[in-house]
Amino acid sequence: MFTSTGSSGLYKAPLSKGLLLVPSALSLLLALLLPHCQRFFVYDLQAVKDDFQIWRLLCGRIICLDLKDTFCSSLLIYNFRIFERRYGSRKFASFLLGSWVLSALVDFILVEAVWYFFGIAAAGNLPSGFLAPVFALFVPFYCSIPRIQVAQILGPLSITNKTLIYILGLQLFTSGSYIWIVAISGLASGICYNSKLFRLHQVLCIPIWMANFFSWTLEPIFSSPEPTAEARIGMGATVDIQRQQRMELLDRQLMLSQFAQVRRQRQQGGMINWNRLFPPLRQRRNINYQDGRRSEQQASPPLEVSEEQVISSTGTSPQPGFQPGSSFAEQHLKEIKHINTELLMMVNLLLVTVIDNWAFIGCWGSHKFEEGMI
């Protein structure tokens with residue numbers, strides 16, 4: 001996806017990896033090999049209310065029966081793995097548990113409200129799966145992940161590093177008739193848990209002994225090795241330092257890509273010169289001014305000046321290769337502009353590299369100083 005999710009892979013995200021593998025595998029198994037068992041995983045609140053089938057609140061809210069919902073929710077969980085790296089597996093699991101429990105209560109309230117005000121029976125048509133906690137994760141994603149502009153289209157509209165994730169959420173939101181009920185309940189539970197309303201984060205949380213037990217038993221199974229193909233960056237002590245280091249890395253990658261693009265265009269001679277097709281406004285004014293001067297010169301015939309008069313007035317003979325209007329001089333000006341562009345990009349790259357190295361040395365020194373103090 002976009003770069004807001006940190007490094008690629010599932011390093012330091014064992015819970016996210018488990019949520020990606022286990023429910024997706026069970027969903028594929030039920031859809032392809034065991035379709036007769038899907039009735040046990042239907043999220044039917046009417047059966048819970050009338051027949052007291054409480055087990056449906058557990059089975060019907062874990063595994064998706066629709067493969068489209070499985071695919072979209074898996075992509076969103078993969079992008080939201082940054083919260084497990086930031087909060088830790090225990091706090092991330094507590095957030096998922098709290099939003100999962102609260103959304104079940106909100107589902108009952110919304111279903112009854114829809115039946116009371118609109119006469120629509122939506123209790124037996126709710127989608128199954130681990131969807132409400134996925135929608136709840138949009139709350140910390142909106143509040144804590146910085147917005148970085150990638151491109152700008154149609155004036156005020158811009159594409160950011162969060163646009164694709166919002167599009168995936170919209171696709172999941174429109175995948176069913178009554179999935180909007182689950183989405184609203186997930187967002188409401190995420191807001192309540194993230195704002196620490198009624199101290200829900202202290203009540204609905206994973207106990208320490210349970211977190212240690214799963215860390216000892218399941219974490220070695222779902223843990224992933226550290227990615228070696230990526231460039232190492234310093235791990236700052238705070239979230240702001242980590243964000244600044246990530247932004248500096250992105251700036252350096254963008255500068256390298258621009259430098260490679262300029263060199264490629266120079267080697268290929270420029271496949272499409274957009275400035276030649278659509279010149280800037282200042283260049284257009286200069287062209288218009290030059291056209292006006294040329295028309296004036298064409299209107300008045302130039303005076304013939306001999307070379308002896310030029311030598312007698314200036315004392316030097318004119319050089320034929322460096323005349324201001326010659327093609328030789330224009331070619332040299334283009335070469336000088338290309339060299340200046342490359343020099344500026346190399347200087348900026350050098351500055352970013354130096355700043356990044358000094359930031360890493362400062363973070364390493366402060367870490368060693370804290371270890372010495374301890």
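Residues numbered from 1 in each chain as written. Predicted model: local features only at pLDDT ≥ 70, side-chain atom pairs only at ≥ 80, totals over all residues. Heavy atoms only, no water.

Draft legend 1. Fine view of the overall build of the chain. Tallying secondary structure elements over the chain gives 18 helices and 2 strands in all. In the chain, buried positions account for 31% of the 374 residues. Considering only intrachain contacts with a sequence separation of at least 6, the fraction spanning at least 24 residues in the chain is 76%. Total accessible area computed for the chain in this model is approximately 24,800 Å², and 64% of it derives from carbon and sulfur atoms. (Helix = DSSP H or I, 4+ residues; strand = E, 2+ residues; numbered from the N terminus. Buried < 20%, exposed > 50% of the residue type's maximum accessible area, 1.4 Å probe, protein only. Contact = heavy atoms within 4.5 Å. Areas by Shrake-Rupley, 256 points an atom, 1.4 Å probe, with all protein chains shown as cover.)

Draft legend 2. Quick look at the pattern of salt bridges. A full pass over the atoms with the stated rule returns 2 salt bridges. As a salt-bridge pair, Lys49 and Glu112 come within 3.1 Å of each other at their nearest N and O atoms. One end of the pair, Lys49, is in helix α2 (residues 45–50); the other, Glu112, is in helix α6 (residues 89–118), with 63 residues separating them in the sequence. Under the relative-accessibility criterion, Glu112 is labelled partly exposed at 34%. (Salt bridge = Lys/Arg side-chain N within 4 Å of Asp/Glu carboxyl O.)

Draft legend 3. Focus on the environment of Leu168. Looking at the secondary structure, you find Leu168 in helix α9 (residues 163–173). C-alpha of Leu168 to C-alpha of Leu76: the two residues are 92 residues apart in sequence and 7.2 Å apart in space.

Draft legend 4. Local environment of the packing of aromatic side chains. Using the criterion set out here, one finds 11 aromatic pairs in the structure. Measuring from ring centre to ring centre gives 6.1 Å for Phe80 and Phe83, while their planes differ by 45°; the resulting arrangement is tilted. Across the pair, Phe83 and Phe80 agree in class, each one buried. Aromatic ring contacts, followed pair by pair, group Phe80, Phe83, Tyr87, Phe135, Phe138, Phe141 and Tyr166 into a single cluster. Looking at Lys91, its charged tip hangs above the ring of Tyr87, at a distance of 4.9 Å from the centre. Positioned over the ring face of Phe141 is Lys162, at 5.0 Å from the centre of the ring. (Phe/Tyr/Trp six-rings, centres within 6.5 Å; stacked < 30°, edge-to-face > 60°. Lys NZ or Arg CZ within 6 Å of the ring centre and 35° of its normal.)

Draft legend 5. View of helix α4 (residues 67–79). A rise of 1.5 Å per residue sets the reference length of α4, with its 13 residues, at 18 Å; its end C-alpha atoms lie 19 Å apart and thus fit the reference within 8%. Summarising the contacts, the buried residues of α4 are in contact with α1 (14–32), α5 (81–87), α7 (132–136), α8 (138–144), α9 and α10 (179–194). (Expected span 1.5 Å × (residues − 1).)

Draft legend 6. Seen up close, the side chain of Lys17. Along the chain, Lys17 falls in helix α1. Glu84 is the oppositely charged side chain nearest to the buried, salt-bridge-free Lys17, at an N-O distance of 11 Å. Among the polar contacts made by the side chain of Lys17, one reaches the side chain of Ser224 at a distance of 3.2 Å. Not counting chain neighbours up to four residues away, the residues in contact with Lys17 comprise Leu10, Phe222, Ser223 and Ser224. (Lys, Arg positive; Asp, Glu negative; His and termini not counted. Polar contact = N/O pair within 3.5 Å; in protein donor to acceptor, adjacent residues only side chain to side chain.)

Draft legend 7. Structural detail: the packing of α1 against α6. At their nearest, the axes of α1 and α6 sit 9 Å apart, and the two run at 45° to each other. Between α1 and α6, the angle falls in the class oblique. In this structure, α1 contributes Pro14, Leu15, Ser16 and Leu19 to the contact, and α6 contributes Ser89, Phe92, Ala93 and Leu96. (Axes fitted to C-alpha atoms, helices over the stretch in contact; angles between N-to-C directions. Parallel < 35°, antiparallel > 145°, perpendicular 65-115°, else oblique.)

Draft legend 8. Spotlight on the packing of α1 against α4. Look at α1 against α4: their axes get within 10 Å of each other, and the N-to-C directions meet at 170°. Relative to α4, α1 is oriented roughly antiparallel. On α4, the residues that touch Ser16, Leu19, Leu20, Ser24, Ser27, Leu28 and Ala31 of α1 are Leu67, Thr70, Ser74, Ile77 and Tyr78.

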